[in-house]
Amino acid sequence: MTKKRPQLDPCPLCGGIIEAQMITHEERDAQGIFYIFENVPARRCAQCGEVWLPAKTIKLLDQALTHTKPLKVIKTPVFDLAIQ
Ligand SMILES: [Zn+2]
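None of the values given here were measured: they were computed from a predicted structure.

Turning to the overall build of the protein chain, a few remarks are in order. Secondary structure summary: the protein chain contains one helix and three strands in total. Secondary structure elements of the protein chain occur, N-terminal to C-terminal, as β-β-β-α. In terms of overall dimensions, the protein chain is more spread out than a globule: its C-alpha atoms have a radius of gyration of 17 Å, far above the 12 Å expected for 84 residues. The dimensions of the protein chain, computed from C-alpha atoms along their principal axes, are 60 × 40 × 20 Å. Within the span of the protein chain, comprising 84 residues, buried residues form 2% of the whole. For the protein chain, contacts bridging at least 24 residues in sequence account for 43% of all contacts bridging at least 6.

Here it is as structure tokens:
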């Protein structure tokens, strides 16, 4: 008898093993405002490091943005290499 384990599909980019992992996700909206989300449930390839966000996670991000207040607001330094 074989034991069935919930297994994720291999990475479409490199064929590596994809693992469920909590990540820090960064996103910028249409106004250029930068958001950081911590402890985001994601899928990450153990080999190439590519990250995917499941549809359920994207819903959670939308909910957090529209229905909750941020934990904190930080300043973000911006550099431009064309101005040196
Ligand atoms: Zn990969």
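Read across the open sheet, the three strands follow the order E1-E2-E3; overall the sheet is antiparallel. Both outer strands of the open sheet, strand E1 (18-28) and strand E3 (51-52), are each paired with one neighbouring strand and no more.

With respect to burial, E1 is a largely exposed element, only one of its eleven residues being buried. Across ten bridges, E1 lies against strand E2 (residues 34-45) in antiparallel orientation. The residue bridging isoleucine 18 from the neighbouring strand is cysteine 45, located in E2. As consecutive antiparallel partners, E1 and E2 are separated by five residues, and within that stretch glycine 32 has a phi angle of approximately 85°, a positive value.

To continue, consider unusual backbone geometry. A negative phi holds for most residues other than glycine; trans holds for most peptide bonds. The residue asparagine 39 is not glycine, and still its phi comes out positive at about 55°. If you trace the backbone, asparagine 39 turns up in strand E2.

Quick look at helix H1 (residues 55-67) now. Between the first and last C-alpha of H1 there are 18 Å, a value that for 13 residues agrees with the 18 Å anticipated at 1.5 Å per step. Burial analysis of H1 places just zero of its 13 residues in the buried class, a small minority of the element.

With that settled, consider the environment of threonine 76. Note on placement: threonine 76 falls in the segment after H1. By the C-beta count within 10 Å, which is 8 here, threonine 76 ends up exposed. In this structure, the C-alpha to C-alpha distance between threonine 76 and proline 41, residues 35 residues apart in sequence, is 24 Å.

Attention now goes to the confidence of the model for the protein chain. A residue-level look at the protein chain finds 92% of positions with pLDDT of 70 or above and a mean pLDDT of 91. Mean pLDDT in the protein chain bottoms out at E3, which sits at 94, and peaks at E2, which reaches 96.

What counts, and where the lines are drawn
Residues numbered from 1 in each chain as written. Predicted model: local features only at pLDDT ≥ 70, side-chain atom pairs only at ≥ 80, totals over all residues. Helix = DSSP H or I, 4+ residues; strand = E, 2+ residues; numbered from the N terminus. Rg over C-alpha atoms; globule rule 2.2 N^0.38 Å. Buried ≥ 20, exposed ≤ 12 C-beta atoms within 10 Å, placed from the backbone. Contact = placed C-beta atoms within 7 Å. Pairing = 2+ DSSP bridges. Expected span 1.5 Å × (residues − 1). pLDDT = per-residue confidence, 0-100.

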